[in-house]
Amino acid sequence: LMPGVEEEAVADLLRVRRFVVLQGPPGTGKTKMALDLLRKTYGGCGRSIQFHPNTTYENFIGGLGPKLGEGEFGLQFAPAQGFLMQAAARAMEQPDRPYLLHIDEINRADLGKILGEAILLLEPKESGREIELPHDFGAPFGRRFRLPENLHLLGTMNSSDRSIAIVDIAVRRRFAFVSLWPRTEVVERHGCALMQRAFGQLLDIYVEHATDDALALMPGHSYFLESDEEQAKRSLRVNLKPLLEEYLAQGYVSGFAEPIRSYLQWLDVQ
């Protein structure tokens, strides 16, 4: 039900597909894996950014931005490259070396609106596509923008955040989606006995009662990694319990609310 995914498999997929999204419930190590890939596999050649509801086309692709003018003119507006254009330019400087742009919380913004016409560039098997830009952004693009083949995009998204999500089919088909699941072996290796028991009981509840959609909300292994029993009790109450209470309040686990409530009561007496 919850297969493991290794960094090497994601790295191989990035080499083939170029545009990948890691998705999964909180605590499964999505951001950690992305940063580890950036540091080790890409040798630090890349950068990490984060999306939020106020991220715009101008932030990500490019647009007019204020700059200090000369003489008496004060502030003026001039074309300013966005994150994607900056990453493409950096990748072009070293064409024989892959460059990674990691987009954390990629589902916190409307990616369809942010990409605009640049969505046409996200075709991993069709290089050389270009779009015309509304302004001259200078070297190396001018008014024509393209993505170099050595530029890879890796998004991370929280499957428990149902308020904002990637739903645009045109966007979905351009990214390869990889699901990260809670890892039992990680809890067994790093968690104390209480953590292992708490993880096992909650996993049993999800496997027995959850629908396919709800199963993707099983809290990840990072909630269960305390090695000290007293620290474990505190962590379960201040980290795991609020998450499950939010699931209940939002109706995410309405099909098995009573087992979750019983589990929360069990946490209170630990």
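Note that the coordinates shown come from a computational prediction; the quantities given were computed from them, not determined experimentally. (Residues numbered from 1 in each chain as written. Predicted model: local features only at pLDDT ≥ 70, side-chain atom pairs only at ≥ 80, totals over all residues. Heavy atoms only, no water.)

Participant: Can you lay out the overall build of the protein for me, pointing to particular residues and giving the numbers?
Facilitator: Across its full length, the protein carries 11 helices and nine strands. Projected onto the principal axes, the alpha-carbon positions of the protein cover approximately 70 × 40 × 35 Å. In the protein, which comprises 270 residues, the share counted as buried stands at 48%. In the protein, 74% of the contacts between residues at least 6 apart in sequence involve partners at least 24 apart. Between the centroid of the 30 positive side chains of the protein and the centroid of its 36 negative side chains there is a distance of 2 Å. (Helix = DSSP H or I, 4+ residues; strand = E, 2+ residues; numbered from the N terminus. Buried < 20%, exposed > 50% of the residue type's maximum accessible area, 1.4 Å probe, protein only. Contact = heavy atoms within 4.5 Å. Lys, Arg positive; Asp, Glu negative; His and termini not counted. Charge placed at Lys NZ, Arg CZ, Asp CG, Glu CD.)

Participant: If you had to explain the layout of surface pockets to someone new, which residues and values would you point to?
Facilitator: Taken as a whole, the largest pocket spans an internal volume of roughly 430 Å³. What lines the largest pocket is a set of 18 residues, among which T28, K32, M33, R183 and H221 lie closest to the centre. Looking at the lining of the largest pocket residue by residue, the class counts come to five nonpolar, five polar and eight charged. (1 Å grid on protein atoms, 1.4 Å probe; cavity = no way out; pocket = protein on both sides within 12 Å on 5 of 7 lines; lining within 4 Å. Points joined across faces, edges and corners; volume = space filled by probe spheres on them. Nonpolar A, V, L, I, M, F, W, Y, C, P; charged D, E, K, R; others polar.)

Participant: Explain the packing of aromatic side chains to me, and be specific about the residues and the numbers.
Facilitator: Under the definition given, this model contains seven aromatic pairs. Plain terms: the ring middles of Y263 and W266 are 5.7 Å apart, the flat faces sit at 35° to each other, and that makes the pair tilted. Of this pair, Y263 and W266 both sit in helix α11 (residues 257–268), separated by three residues, roughly a single helical turn. Residue Y263 is classed as buried on the basis of its relative accessible area of 3%. Judged by its relative accessible area of 19%, W266 is buried. The cationic tip of R172 hangs over the ring face of F177; the distance from NZ or CZ to the ring centre is 4.8 Å. (Phe/Tyr/Trp six-rings, centres within 6.5 Å; stacked < 30°, edge-to-face > 60°. Lys NZ or Arg CZ within 6 Å of the ring centre and 35° of its normal.)

Participant: Explain the sheet that holds strand β8 (residues 151–158) to me, and be specific about the residues and the numbers.
Facilitator: Each strand in a sheet pairs with its neighbour through backbone hydrogen bonds, running either in the same direction (parallel) or in the opposite one (antiparallel). Taken in spatial order, the five strands make up an open sheet running β2-β5-β8-β1-β9, and their pairing is parallel. Of all strands in the sheet, those bounded by a partner on one side alone are β2 (46–50) and β9 (176–179). Taking each pair of neighbouring strands and ignoring which way they run, the sheet shows an average axis angle of 20°. Looking at chain direction, strand β1 (residues 19–24) and β9 are connected through four bridges and run parallel. Across the sheet, Q23 pairs through a bridge with S179, a residue of β9. Across the sheet, helix α2 (residues 30–41) touches β1, β2, β5 (99–104) and β8, and the angle it forms with β8 is around 160°. The strands touched by helix α4 (residues 83–93) within the sheet are β2, β5 and β8, with β5 carrying the most contacts at an inclination of about 160°. (Pairing = 2+ DSSP bridges. Axes fitted to C-alpha atoms, helices over the stretch in contact; angles between N-to-C directions.)

Participant: Got a sec to walk through the packing of helix α10 (residues 229–250) against α11? Specific residues and values, please.
Facilitator: At a minimum axis separation of 11 Å, α10 and α11 run at an interaxial angle of 160°. Taken together, the axis directions place α10 and α11 in an arrangement best described as roughly antiparallel. Once α10 is placed against α11, the crossing between them reads as left-handed. Contacts between α10 and α11 involve L236, R237, L240, K241, L244, E245 and L248 from the first element and A257, I260, R261, Y263, L264, L267 and D268 from the second. The class makeup of the residues in the contact of α10 with α11 is nine nonpolar, no polar and five charged. (Parallel < 35°, antiparallel > 145°, perpendicular 65-115°, else oblique. Left-handed = near helix turned anticlockwise from the far one by under 90°.)

Participant: Provide a residue-level description of helix α1 (residues 7–17), including the pertinent values.
Facilitator: Looking at α1, one finds that the buried residues are E7, V10, A11 and L14. Projection of α1 onto a plane perpendicular to its axis shows the buried side chains occupying an angular sector of 100°, all on one side. When the buried face of α1 is taken as reference, the exposed residues oriented beyond 90 degrees from it are E8 and V16. For α1, the elements touching its buried residues are β1, α2, β5 and β8. R18 sits one or two positions beyond α1 and adopts a positive phi of about 70°. (Arc of directions from axis to C-beta.)

Participant: Lay out the environment of T31 with the relevant residues and their values.
Facilitator: Its place among the elements puts T31 in helix α2. Sequence spacing of T31 and N158 is 127 residues, and the spatial spacing of their C-alpha atoms is 9.9 Å. When sequence neighbours within four positions are dropped, the list of residues in contact with T31 reads H102, D104 and T156.

Participant: I'd like to hear about the packing of helix α8 (residues 193–209) against α10, residue by residue, with values.
Facilitator: Look at α8 against α10: their axes get within 9 Å of each other, and the N-to-C directions meet at 20°. One element, α8, and the other, α10, form an angle in the roughly parallel class. Residues A193, L194, M195, A198, L202 and Y206 of α8 form the contact with α10, whose participating residues are E229, A232, K233, S235, L236, L240, L244 and Y247. Classifying every residue of the contact of α8 with α10 by side-chain character gives 11 nonpolar, one polar and two charged.

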